[in-house]
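Results of the structural survey
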Amino acid sequence: MTEIPRTEVTPTSCPLRHFGLDKHGLHVGVVGLGGIGHLALKFAKAFGVKVTVISTSPGKMKEATERLRADSFLVSSDPDQMEAAMGTMDGIIDTVSAPHPLLALLGLLKSHGKLIMVGAPDKPLELPIFPLLMGRKIVAGSSIGGIKETQEMIDFAAKYNITADIELIPIEYVNTAMERLAKADVRYRFVIDIGNSLKN
């Protein structure tokens, strides 16, 4: 089993497994390619799931498909792309923490599809009920799991060498890091190097 560097360990359990979206051959969308989204993509690929990254940023397509090996990329602001993908996904992991519409995401799901919210917007989101009724679709949320589930995910991450992409920073850089974080200028997590910071 691979030993994961402590700075790169995945600190969250995986909602893919909890909600049954870890089966080989399923098609899962990942909304947002940030700190949580890039890990959802890595876990999904390790499970053998077909993954489509859904983003408002066309510039992230190369990163998503070439470096992180997403099967496809969908620009959520492009109505033609969204229309073409309607009803194709078994589940969606929504990692976005900013307010955003859910109707288009629900439209991407097949009947009985699941929209799993793992981001935490600071304002309430509008949830259209009609698409849920007609497609028997589910909207659920997930934070972190219990000790057993978290340990299973850490073991899985070690087995498949799944690590968070991080930028190691000294403690003196924290204010700059916060400014960059507000601009989404991080790939994909900042980790403070406390040990070396205290030595200096």
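Above this note sits the structure.
Below is a short write-up of the structure. Note that the structure is predicted; figures quoted are calculated from it, not measured. (Residues numbered from 1 in each chain as written. Predicted model: local features only at pLDDT ≥ 70, side-chain atom pairs only at ≥ 80, totals over all residues. Heavy atoms only, no water.)

Focus on the overall build of the chain
For the record, the criterion: Put simply, DSSP marks the helices as runs of H or I at least four residues long and the strands as runs of E at least two long, and each gets a number from the N terminus on. We compute the radius of gyration over the C-alpha atoms and compare it with the globule rule, which gives 2.2 Å times the number of residues raised to the power 0.38. Only protein chains enter the accessibility calculation, which uses a 1.4 Å probe; a residue whose area is less than 20% of its type maximum is buried, one above 50% is exposed, and one in between is partly exposed.
The helix and strand inventory of the chain stands at nine helices and eight strands. Taken over the C-alpha trace, the chain has a radius of gyration of 17 Å; the compact-globule value for 200 residues is 16 Å, and the two agree within 12%. When its C-alpha atoms are laid out on the principal axes, the chain stretches across 60 × 35 × 30 Å. Taking all 200 residues of the chain together, 44% fall into the buried category.

Observations concerning the pattern of salt bridges
Our working rule: Any Lys or Arg side-chain nitrogen found within 4 Å of a carboxyl oxygen on Asp or Glu counts as a salt bridge.
One pass over the structure, following the stated rule, counts eleven salt bridges. Put simply, Lys110 and Asp90 hold a salt bridge, and the shortest N to O gap is 3.3 Å. You can see Lys110 sitting in strand β5 (residues 109-117) and its partner Asp90 sitting in strand β4 (residues 89-94), a full 20 residues away along the chain. With relative accessibility at 18%, the residue Asp90 sits in the buried group. Between Arg180 and Asp185 there is a salt bridge, with its nearest N and O atoms 3.1 Å apart.

Remarks on the packing of aromatic side chains
Inclusion rule: For Phe, Tyr and Trp, where Trp contributes only its six-membered ring, two rings pair if their centres lie within 6.5 Å, and the inter-plane angle classes them as stacked under 30 degrees, edge-to-face over 60, or tilted in between. A positively charged side chain is recorded as over a ring if its NZ (Lys) or CZ (Arg) lies within 6 Å of the ring centre. The angle to the ring normal must also be within 35 degrees.
Within this structure, the stated rule accounts for three aromatic pairs. Here the aromatic rings of Phe156 and Tyr160 are separated by 4.6 Å at their centres, their planes lie at 40 degrees, and the arrangement is tilted. Judged by relative accessible area, Phe156 falls into the buried class, the value being 11%. Each member of the aromatic cluster is reached from another via a ring pair, and the members are Phe43, Phe47, Phe156 and Tyr160. Directly above the aromatic system of Phe156 lies the positively charged group of Arg17, at a separation of 5.5 Å from the ring centroid.

Observations regarding the pairing of strand β2 (residues 50-55)
Note the cut-off: At least two DSSP bridges between two strands are needed for those strands to be called paired. Crossover handedness is defined here as right-handed if the route from the first strand over the helix to the second strand goes clockwise, with the strands pointing away from the viewer.
In terms of residue burial, β2 counts as a mostly covered element, since five of its six residues are buried. Strand direction decides the pairing type here: strand β1 (residues 27-31) and β2, joined by five bridges, are parallel. When the bridges of β2 are listed, Val30 appears paired with Val53. Of the crossover connections in this fold, the one passing from β1 over helix α2 (residues 37-47) to the parallel β2 is right-handed. Direction of pairing for β2 relative to strand β3 (residues 72-75): parallel, over a ladder of four bridges.

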